[in-house]
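Breakdown of the fold
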Amino acid sequence: MIVKFKLNGESVEENVADDERALDFLRRIGMKSVKEGCGEGECGACTIIVDGKNVVSCLMLAAELDGTDVLTTEGLSKDGTLDPIQASFADIGAVQCGFCTPGMEMSAKALLIKNPKPSEEDIKKGLEGNLCRCTGYFKIIEAVKRAADKN
């Protein structure tokens with residue numbers, strides 16, 4: 001089956017298998033920021049934004065991408081300039097091993113699209129489902145606050 005959609009602002013037209021997950025498909029076409037942590041929709045490492053909403057791509061079929069607008073971490077920076085979320089994660093030191101970072105950034109981006117000035121409670125709720133085994137979340141929450149201030 002052929003899927004046609006926008007990926008990070010570019011038109012994509014690709015052949016996908018009926019049972020291919022969006023996670024595997026996106027990695028196959030070069031989106032290496034989309035990580036597989038659990039394969040069960042529990043860790044958030046594979047989070048992408050589809051039509052403005054954060055989605056775990058391990059639970060989505062590639063065929064479901066047809067006709068959508070998809071954003072991955074690769075699409076956040078523009079012309080070498082980091083998105084405020086990426087810059088804030090770096091500035092605050094919210095990255096340790098980095099495995100969860102793309103999913104965290106995508107959930108934060110989806111939150112800021114919906115709510116540009118979130119409270120700390122909104123941020124915590126927006127990051128639910130994204131697990132980090134290194135940081136303890138304090139710096140991640142601070143990075144999202146800083147990114148919100150830059151918007």
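The structure we're discussing is the one just above.
Treat the numbers as computed from the prediction; the structure is a model and nothing was measured. Residue positions are given per chain, counted from 1 along the sequence in the order it is written. Only residues with pLDDT of 70 or above have their local features reported here, since the model is predicted, and side-chain atom pairs are shown and tallied only from 80 upward, although totals for entire chains, interfaces and linings are computed over all residues. Based on all heavy atoms of the structure, the side-chain values leave hydrogens and waters out of the count.

In what follows, salt bridge is the name for a side-chain nitrogen of Lys or Arg lying within 4 Å of a carboxyl oxygen of Asp or Glu. Tallied over the entire structure, the rule returns ten salt bridges. A salt bridge links E36 to R21, with the shortest nitrogen-to-oxygen separation between them at 2.8 Å. Of this pair, E36 sits in the loop between α1 (22-28) and β3 (47-50) while R21 is found in the loop between β2 (10-15) and α1, placing the two residues 15 residues apart along the sequence. For D83, the salt bridge is made with K109, and the minimal N-O distance between the two is 2.9 Å. Here K109 lies in helix α3 (residues 101-114) and D83 lies in the loop between β5 (69-71) and α2 (84-92), a separation of 26 residues in the sequence. Summary of the burial criterion: residues with accessible area below 20% of their type's maximum are buried, those above 50% are exposed, and those between are partly exposed, where the area comes from a 1.4 Å probe applied to protein chains only. Given a relative accessible area of 9%, D83 falls into the buried group. When salt bridges that share partners are traced, they join E120, K124, E142 and K145 into one network. What counts as a helix is a DSSP run of H or I of at least four residues, what counts as a strand is a run of E of at least two, and both are numbered from the N terminus.

In this section: α2. Within α2, burial applies to I85, Q86, A87, S88 and F89. It only takes one pair of heavy atoms within 4.5 Å for two residues to be counted as in contact. Looking at the buried positions of α2, the neighbouring elements they touch are α3 and α5 (138-150). Looking one or two places after α2, you find G93, whose phi comes out positive at around 80°.

With that settled, the discussion passes to the sheet that holds β5. Strands pair in a sheet through their backbones, by hydrogen bonds, and they do so in one of two ways: parallel or antiparallel. Two strands pair if DSSP finds at least two bridges between them. Taken together, five strands build an open sheet; the order of strands is β2-β1-β5-β3-β4 and the sheet is mixed. The strands lining the two open edges of the sheet, one partner per strand, are β2 and β4 (53-56). The mean inter-strand angle of the sheet, taken between neighbouring strand axes irrespective of direction, is 40°. Of the pairings in the sheet, the one linking β3 to β4 comprises four bridges and is antiparallel in character. The partner of I48 across the bridge, within β4, is V55. Comment: axis = line fitted to C-alpha atoms, over the contacting stretch for helices; angle = value between 0 and 180 degrees taken between N-to-C directions. On top of the sheet, α3 reaches β3, β4 and β5; it is set at about 30° to β3, its chief contact.

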